[in-house]
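Each chain, written out:
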Amino acid sequence: MSLVEVRNLGYRYTDGSPALDSVTFTLQPGERVGLVGTNGAGKTTLFLCLAGVLPVSLGTIHVHGLDPARPEDRRRLPGQVGIVFQNSDDQLFSATLFDDVAFGPLNLGLAPDEVRQRVAESLQQTGLTGQDQRPPFHLSGGAKRRAALAGVLAMRPSVLLLDEPSMFLDPQGRRDLIRLLGELPGTLIIGSHDLDLIADSCQRVLLMHEGKLVADGPTNDLLTDAALMERYGLEVPRSRR
Amino acid sequence: MTLAIDSIPDVDSPCRRWHARWKLLAIFIMVMTASFTQTIPMLAALATLGLSVFLAAQLPKSWWLPRFGALAFAVAPFLIFLPLTQTNGVELMTAFTLRVTAIALSLFALIGSTPVSMLMHAVQSWGVPSLFAQIVLLAYRYTFLIADELARLRIALRVRAFRNRMDRHSYRTVGQVTGCLLVRGSERAEHVAQAMRCRGFDGRFRTLETRHPKAIDRITCLAIALFCAVMLWLDLRRRGIA
């Protein structure tokens, strides 16, 4: 059985304009998938639907057997789907890094010892050990991104959604991120314009354009197809030219 | 981004060890009593009590000095103008100073010794609706954030040669900037709400504190409540009400 199953998913903004149109795909456990497309292609909207933030009005989604359209499943969804937003500042709101990373596990109702253990593990995984008492707002851009990721990893989701993870990162931060992504367990969907990052981190690519899923295939096949990339406003990544 | 919710000083003090639930109640009683008391001796006694609690918090100078500075700056006009504009101005100024001191010292002790999550948990434990606690927390947090946005917008205006003048163009620009600020604030609030929901937030603040209140926590609170009640009674007697 697929871990993520999306069938004919549609979503319209409040003004009636379509954001997603008949999106269909499935993901197997452990898959690493790049979600690419120009601005406004619908990547973030798809992520928000998968995470149960936006209501699914057309089509169906099943993540680990949970249906975000059902209120009782939606309450359990944060334990299965983790999302790291484009702007880390939106995600960091607690007074200390420890509190921020502990926020999710506490909401899952875990025992205090388990929460502390998960926080320590997540901080270690993201290279932030020893900074747990620092206010997250005072971290550098790269460290904020890792802090946001730590907060989600502490919930041990089976599917991790990363929205533009390399945005605002310097080259060193970007390299660290690629290394970190390589070490992450579980199923991963990375939504990004950074096609080199996708090429380095994912085996499969979903290409979106104007709310539609226009291509789905192995990374090397899709990202090296210059005609396809050009047709949908993208470029073949430098590392594949 | 400005540090909006400061991390509290890492000091192991009696005030820090005091259970947040009872500490919150005691300080609420102190603040309310100081607000209603009007006679100078009683206000002086309450300010002394506030000072005791503040000292028990053992907060570092680097934490409290800038806050007192900001508070002093805010109340300075009252201290200057009250004696000049009222017949019993000196008395009013003294009462005002003592009241502000009593309230500020108590509140600084509370917020300087209680992590925000624990404080919100304590607020909820007294039956305050969680929505109210969330609004207070996020309003405080985002006041600073909006101030930052405003600073960025002002820079953006300045680098495009905008100078604030008393003309139609300036008024229109200020109006647009205000609108932009509200839209950005609303978008930011929406994003944070989404981020919180994605991490399982269901409207209740949870904390790692598993400690249950001890007898000393309750007794301290009760002692402060009794002291405040006596002060309030003496105040009413002096004013001929009781």
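The model shown is predicted, which means the values in this text are computed figures rather than measured ones.

**Details of the domain arrangement of chain A**
Often the size quoted for an interface is simply the accessible area lost on bringing the parts together. Residues and elements named next belong to chain A. By the assigned domains, chain A splits into domain 1 (4–80 + 159–240) and domain 2 (94–156). On a C-alpha basis, the centres of domain 1 and domain 2 stand 24 Å from each other. Taken together, the 11 residues of domain 1 in the interface contact eight residues of domain 2. Among the elements that line the side of domain 1 that touches domain 2, the one with the most residues is helix H6 (residues 171–183), at four residues. Its residues assigned to classes, the side of domain 1 that touches domain 2 shows seven nonpolar, two polar and two charged.

**Digging into the packing of helix H3 (residues 97–107) of chain A against helix H4 (residues 112–125) of chain A**
Residue and element names in this part refer to chain A. It is at 9 Å that the axes of H3 and H4 come closest, and there the two elements cross at 125°. When the interaxial angle is binned, H3 and H4 end up oblique. Crossing geometry of H3 relative to H4 is assigned as right-handed. When H3 is examined against H4, the residues Phe98, Val101, Ala102, Pro105 and Leu106 are found in contact with a partner set consisting of Val115, Arg118, Val119, Ser122 and Leu123. Among the residues making up the contact of H3 with H4, the classes are represented as eight nonpolar, one polar and one charged.

**Observations regarding the environment of A:Leu9**
All names here are of chain A. As for its placement among the helices and strands, leucine 9 is situated in strand S1 (residues 4–12). According to the C-beta neighbour criterion, leucine 9 is buried, with 24 such atoms within 10 Å. Distance in space between the C-alpha atoms of leucine 9 and phenylalanine 25 is 9.5 Å, their sequence separation being 16 residues. Beyond its immediate sequence surroundings of up to four residues, leucine 9 is in contact with Leu20, Val23, Cys49, Val56, Leu58, Gly59 and Ile61.

**Remarks on the packing of helix H3 (residues 40–57) of chain B against helix H9 (residues 215–238) of chain B**
Residues and elements named next belong to chain B. At a minimum axis separation of 9 Å, H3 and H9 run at an interaxial angle of 165°. In terms of orientation, H3 and H9 fall into the roughly antiparallel class. For the crossing formed where H3 meets H9, the hand is left-handed. Across from Met42, Ala45, Leu46 and Leu49 in H3, the residues of H9 making contact are Phe227, Met231, Leu234 and Asp235. For the contact of H3 with H9, a count of residues per class yields seven nonpolar, no polar and one charged.

**Topic: unusual backbone geometry**
The phi torsion of most residues other than glycine is negative, and most of the peptide bonds are trans. All names here are of chain A. The phi angle at asparagine 8 is positive, at roughly 45°, despite the residue not being glycine. Relative to the helices and strands, asparagine 8 is located in strand S1. With 12 C-beta atoms counted inside 10 Å, the residue asparagine 8 sits in the exposed group. Phi angles above zero are rare outside glycine, and glutamate 210 is one such case at about 45°. Mapped onto the elements, glutamate 210 comes out in the loop between strand S8 (204–209) and strand S9 (212–218).

**Concerning the sheet that holds strand S2 (residues 18–27) of chain A**
All names here are of chain A. Strand order in this open sheet of three strands is S2-S1-S4, and the pairing throughout is antiparallel. Unpaired on one side and paired on the other, S2 and strand S4 (58–63) mark the two borders of the sheet. Across the sheet, the axes of successive neighbouring strands diverge by a mean angle of 20°, strand direction being ignored. Pairing of S1 with S4 involves five bridges; the strand directions are antiparallel. Within S4, the position partnered with glutamate 5 by the bridge is histidine 62. Contacts between helix H1 (residues 43–50) and the sheet are confined to S1, S2 and S4, with S2 contributing the most and set at about 60° to the helix.

**Some points on the sheet that holds strand S5 (residues 81–84) of chain A**
All names here are of chain A. In spatial order, the strands read S5-S6-S7-S3-S8-S9; together these six strands make up an open sheet with mixed pairing. Only two strands of the sheet have a single neighbouring strand rather than two, namely S5 and S9. The mean inter-strand angle of the sheet, taken between neighbouring strand axes irrespective of direction, is 15°. Of the strand pairs in this sheet, strand S3 (residues 32–36) and strand S7 (residues 187–191) are connected by four bridges, and their pairing is parallel. The residue bridging arginine 32 from the neighbouring strand is leucine 188, located in S7. Packed on one face of the sheet, helix H5 (residues 141–153) meets S5 and strand S6 (159–163) and runs near 170° to S5.

**Quick look at H3(B)**
Residues and elements named next belong to chain B. The terminal C-alpha atoms of H3, which comprises 18 residues, lie 25 Å apart, in line with the 26 Å expected from a rise of 1.5 Å per residue. Those residues of H3 not exposed but buried are Met42, Leu43, Ala45, Leu46, Ala47, Leu49, Gly50, Val53, Phe54 and Ala57. Summarising the contacts, the buried residues of H3 are in contact with helix H1 (14–17), helix H2 (20–36), helix H5 (89–113) and H9. Directly after H3, the chain includes glutamine 58, whose backbone phi takes a positive value near 50°.

Cut-off values and rules
Residues numbered from 1 in each chain as written. Chains lettered and ligands numbered in written order. Predicted model: local features only at pLDDT ≥ 70, side-chain atom pairs only at ≥ 80, totals over all residues. Domains from an automatic or database assignment. Contact = placed C-beta atoms within 7 Å. Helix = DSSP H or I, 4+ residues; strand = E, 2+ residues; numbered from the N terminus. Nonpolar A, V, L, I, M, F, W, Y, C, P; charged D, E, K, R; others polar. Axes fitted to C-alpha atoms, helices over the stretch in contact; angles between N-to-C directions. Parallel < 35°, antiparallel > 145°, perpendicular 65-115°, else oblique. Left-handed = near helix turned anticlockwise from the far one by under 90°. Buried ≥ 20, exposed ≤ 12 C-beta atoms within 10 Å, placed from the backbone. Pairing = 2+ DSSP bridges. Expected span 1.5 Å × (residues − 1).

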